[in-house]
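If you want the building blocks of each chain, they are given just below.
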Amino acid sequence: NRATDHWRKQAREQEYLANQGVPSVPARADQDTVETWVSRNPALKPVHRLCIILRYVHGMTREEIGRQAGLTENQVKGHLQYALTLLRREMEQT
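Our subject in this report is the structure included herewith. Only a predicted model underlies this, so the values are computations on that prediction, with no experimental measurement involved. (Residues numbered from 1 in each chain as written. Predicted model: local features only at pLDDT ≥ 70, side-chain atom pairs only at ≥ 80, totals over all residues. Heavy atoms only, no water.)

## Thoughts on the overall build of the protein chain
- Scanning the protein chain for helices and strands turns up five helices and zero strands.
- From first element to last, N terminus to C terminus, the protein chain shows the α and β order α-α-α-α-α.
- Looking at the protein chain residue by residue over its 94 residues, the buried ones come to 27%.
- Put simply, 57% of the contacts in the protein chain that link residues at least 6 apart link residues at least 24 apart.
- Here the protein chain displays about 6800 Å² of accessible surface, and carbon together with sulfur accounts for 50% of that area. (Helix = DSSP H or I, 4+ residues; strand = E, 2+ residues; numbered from the N terminus. Buried < 20%, exposed > 50% of the residue type's maximum accessible area, 1.4 Å probe, protein only. Contact = heavy atoms within 4.5 Å. Areas by Shrake-Rupley, 256 points an atom, 1.4 Å probe, with all protein chains shown as cover.)

This is the structure:
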């Protein structure tokens, strides 16, 4: 059952990422939006990208993100915290 849940969740994440439109005018490197920066970040897993984009780009609450992604509110909180930690580390290295 856990394996089925995992594959189902992964399929939802991939579907969400596939439905994200690429802007028609590419952003300059020094003016990247949060969404493009997060979506291009190799340190983040798809679930982290999903949670960050829904929270900080679309302004959804953890409860709304959980319903959208099929996660519990605590799972969303954990993914957000871990993703922010990874992003902070990357920013410190640059």
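Structure's up, so let's keep going.
## Quick notes on the packing of helix H4 (residues 62-69) against helix H5 (residues 73-93)
- Interhelical geometry of H4 versus H5 gives an angle of 105 degrees and a closest axis separation of 8 Å. Between H4 and H5, the crossing angle belongs to the class labelled roughly perpendicular. Packed against H4, whose contacting residues are Arg62, Glu63, Ile65 and Gly66, the element H5 presents Glu73, Val76, Lys77 and Leu80 at the interface.
- Classifying every residue of the contact of H4 with H5 gives three nonpolar, one polar and four charged. (Axes fitted to C-alpha atoms, helices over the stretch in contact; angles between N-to-C directions. Parallel < 35°, antiparallel > 145°, perpendicular 65-115°, else oblique. Nonpolar A, V, L, I, M, F, W, Y, C, P; charged D, E, K, R; others polar.)

## Overview of the pattern of salt bridges
- Per the counting criterion, the structure on display carries one salt bridge.
- Note that Glu63 and Arg67 form a salt bridge whose closest N and O atoms lie 3.1 Å from each other. With a gap of four residues between them, Glu63 and Arg67 both fall in helix H4, about one helical turn apart. (Salt bridge = Lys/Arg side-chain N within 4 Å of Asp/Glu carboxyl O.)

## Regarding H5
- Counted at 1.5 Å a residue, the expected span for H5 with its 21 residues is 30 Å, and the 31 Å between its end C-alpha atoms agrees.
- When we look at burial in H5, the residues that qualify are Val76, His79, Leu80, Ala83, Leu86 and Leu87. Relative to the axis of H5, the buried residues are bounded by an arc of 135 degrees and lie together on one face. Residues Asn74, Arg88, Glu92 and Gln93 are exposed on H5 and point more than 90 degrees away from its buried face.
- Those residues of H5 that are buried lie in contact with helix H2 (34-39), helix H3 (46-57) and H4. (Expected span 1.5 Å × (residues − 1). Arc of directions from axis to C-beta.)

## Digging into the layout of surface pockets
- Each pocket or cavity is described by its volume, and for the second largest pocket that value is around 170 Å³.
- Surrounding the second largest pocket, Arg2, Asp5, His6, Arg8, Lys9, Arg12, Gly70, Leu71 and Gln75 form its lining.
- Sorting elements by how many residues they give to the lining of the second largest pocket places helix H1 (residues 2-19) first, with six residues.
- Counted by class, the lining of the second largest pocket contains one nonpolar, three polar and five charged residues. (1 Å grid on protein atoms, 1.4 Å probe; cavity = no way out; pocket = protein on both sides within 12 Å on 5 of 7 lines; lining within 4 Å. Points joined across faces, edges and corners; volume = space filled by probe spheres on them.)

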